[in-house]
Amino acid sequence: MLWKDRYRCAVTLSVDFDAESLWSGTFKLSTPSPLSRGDYDIRAGLPRIHELLDRHELPATFMVPGQVAVEHPDACREIAERGRHEVGYHGFFHESVLEIPIEEERELMQRGIAQLQETFGETPRGNRSPPFALGPNTADLLEEMGFEYDSSLFGHDEPYRPRVPSVGGPPRDFVELPVSWELDDAPYFLFSFFPYMSGMAAPSQVLEIWKAEFEGSYRAGGCFLLVVHPFCIGRHPRIAMLDELIGWIKGFDDVWFAHHLDVAREWRRQQESAGTWDG
Ligand SMILES: [Zn+2]
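Quantities reported herein were computed from a predicted structural model and do not represent experimental measurements. (Residues numbered from 1 in each chain as written. Predicted model: local features only at pLDDT ≥ 70, side-chain atom pairs only at ≥ 80, totals over all residues. Heavy atoms only, no water.)

Concerning helix H5 (residues 102-120)
- For H5, which comprises 19 residues, the first-to-last C-alpha distance of 26 Å matches the rise-based estimate of 27 Å (1.5 Å per residue) to within 8%.
- When H5 is considered as a whole, its buried residues turn out to be Glu-105, Leu-108, Met-109, Gly-112, Ile-113, Gln-115, Leu-116 and Phe-120. Looking straight down H5, one finds its buried side chains confined to an arc of 165°; they lie on one side. Away from the buried face of H5 by more than 90 degrees, exposed residues Glu-103 and Glu-118 are located.
- Turning to H5, the residues buried within the fold contact strand E2 (61-64), helix H3 (66-71), helix H4 (73-80), strand E3 (86-89) and helix H6 (138-144).
- Just downstream of H5, Gly-121 is the residue with a positive phi angle, here 65°. (Helix = DSSP H or I, 4+ residues; strand = E, 2+ residues; numbered from the N terminus. Expected span 1.5 Å × (residues − 1). Buried < 20%, exposed > 50% of the residue type's maximum accessible area, 1.4 Å probe, protein only. Arc of directions from axis to C-beta. Contact = heavy atoms within 4.5 Å.)

The structure is reproduced here in structure tokens:
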């Protein structure tokens, strides 16, 4: 298929803006040093990401937990004022939704949506459950609240209509923009003692992997979805590597750069017009 009737490949970038919530919500760490790794998002990571995206005039999807919107309104304003980015829901406290009751997950989701509406002036239409972990009730809640896409599952390397549960579950009324650990900066660059993650890959190695992934998507006429975290990708050699990757991809002139929501809508539009959404 051709995207927007003219592009061979879609390229879409996520910036998971977790700040302190990754360390407090996921790693359960509350002392100054781990939390300061979230502070790095604000001081160093995001300014470098904005410089890069502005220079290339690229849209991106910022996945923002409700707590981060509460605690960092100025950084959120910097995202919103550019006018070309999308904001997605990413938990309230960057909490795991694997074991919480549906009532609690619904309440957190409603609070998170309301917070993003207040901070960004925009209703999130996409979800990414932290950390790439959709809960057993999440798909029901996404349908209940009118989400248009999810981006937490691994079932393909192209957009698809998910079944949740994947065996015997119903086809869901939203598009899945699947993620992969290969196209996430965290497995390569996130160092942590708890649990131990080495995260010290050479940017040159990651560039080689990401270029090969793009070439595969391009040949297939598919979608290349990359996830980055400001504190991971923001370090000088890594942001330089991302700059090189983007410049290289821009050398292919039939590539559509779009945020996730535009990709999800375009993919669904094509399926519906071809009669394959319900098939
Ligand atoms: Zn996250």
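Overview of the coordination of the zinc ion
- Within the protein, the zinc ion binds to Asp-18 (OD), Asp-18 (OD), His-90 (NE2) and His-94 (NE2); these donor distances fall in the range 2.1 to 2.4 Å.
- On the primary sequence, the residues serving as donors to the zinc ion are separated as D-x71-H-x3-H. Here Asp-18, found in the loop between strand E1 (9-16) and helix H1 (20-26), pairs with His-94, found in the loop between E3 and H5; they are 76 residues apart in sequence, far enough to count as distant. (Donors = N, O, S within 2.8 Å, 3.2 Å for Na, K, Ca; no water.)

Notes on the side chain of Ser-151
- Positionally, Ser-151 belongs in the loop between strand E5 (149-150) and strand E6 (175-176).
- A relative accessible area of 0% means that Ser-151 is categorised as buried.
- Apart from residues lying up to four places away in sequence, Ser-151 is in contact with Asn-127, Arg-128, Glu-176, Leu-177, Val-179 and Leu-225.

Let's talk about the environment of Ser-33
- Within the secondary structure layout, Ser-33 lies in helix H2 (residues 32-56).
- With a relative accessible area of 55%, Ser-33 lands in the exposed category.
- Note: C-alpha distance between Ser-33 and His-94 (61 residues apart in sequence) is 19 Å.

Some points on helix H8 (residues 203-220)
- The end-to-end C-alpha distance of H8, which contains 18 residues, comes to 26 Å, matching closely the 26 Å that a straight helix rising 1.5 Å per residue would cover.
- Among the residues making up H8, those that are buried are Val-206, Leu-207, Trp-210, Phe-214, Ser-217 and Tyr-218. Along the axis of H8, the buried positions cluster into a sector of 105°, meaning they face one direction only. More than 90 degrees from the buried face of H8, the exposed residues found are Ser-204, Glu-208, Arg-219 and Ala-220.
- Following H8 by one or two positions, Gly-221 has its phi on the positive side, about 70°.

Describing unusual backbone geometry
- The omega torsion of the bond from Pro-130 to Pro-131 falls at -25°, within 30 degrees of zero and hence cis.
- Assignment of secondary structure puts Pro-131 in the loop between strand E4 (126-127) and H6.
- Along the chain, Val-164 connects to Pro-165 via a cis peptide bond; the corresponding omega equals -5°.
- Note on placement: Pro-165 falls in the loop between E5 and E6.
- Even without being a glycine, Lys-4 presents a positive backbone phi close to 55°.

A short note on the pairing of E3
- Residues Glu-86 and Gly-88 line one face of E3 and the alternating positions Val-87 and Tyr-89 line the opposite face, and both faces are buried.
- In this sheet, E3 lies alongside E2 in parallel orientation, the contact comprising 4 bridges. Pairing of Val-64 across the sheet is with Tyr-89, part of E3. (Pairing = 2+ DSSP bridges.)

Overview of the environment of Glu-176
- If you trace the backbone, Glu-176 turns up in strand E6.
- In this structure, the C-alpha to C-alpha distance between Glu-176 and Leu-13, residues 163 residues apart in sequence, is 15 Å.
- Setting aside residues up to four positions removed in sequence, Glu-176 forms contacts with Asp-150, Ser-151, Ser-152, Leu-153, Pro-159, Tyr-160 and Pro-162.
- Within the structure, the side chain of Glu-176 is placed 2.9 Å from the backbone nitrogen of Leu-153, a separation counted as a polar contact. (Polar contact = N/O pair within 3.5 Å; in protein donor to acceptor, adjacent residues only side chain to side chain.)

None of the figures reported here should be taken as evidence of function without further support.
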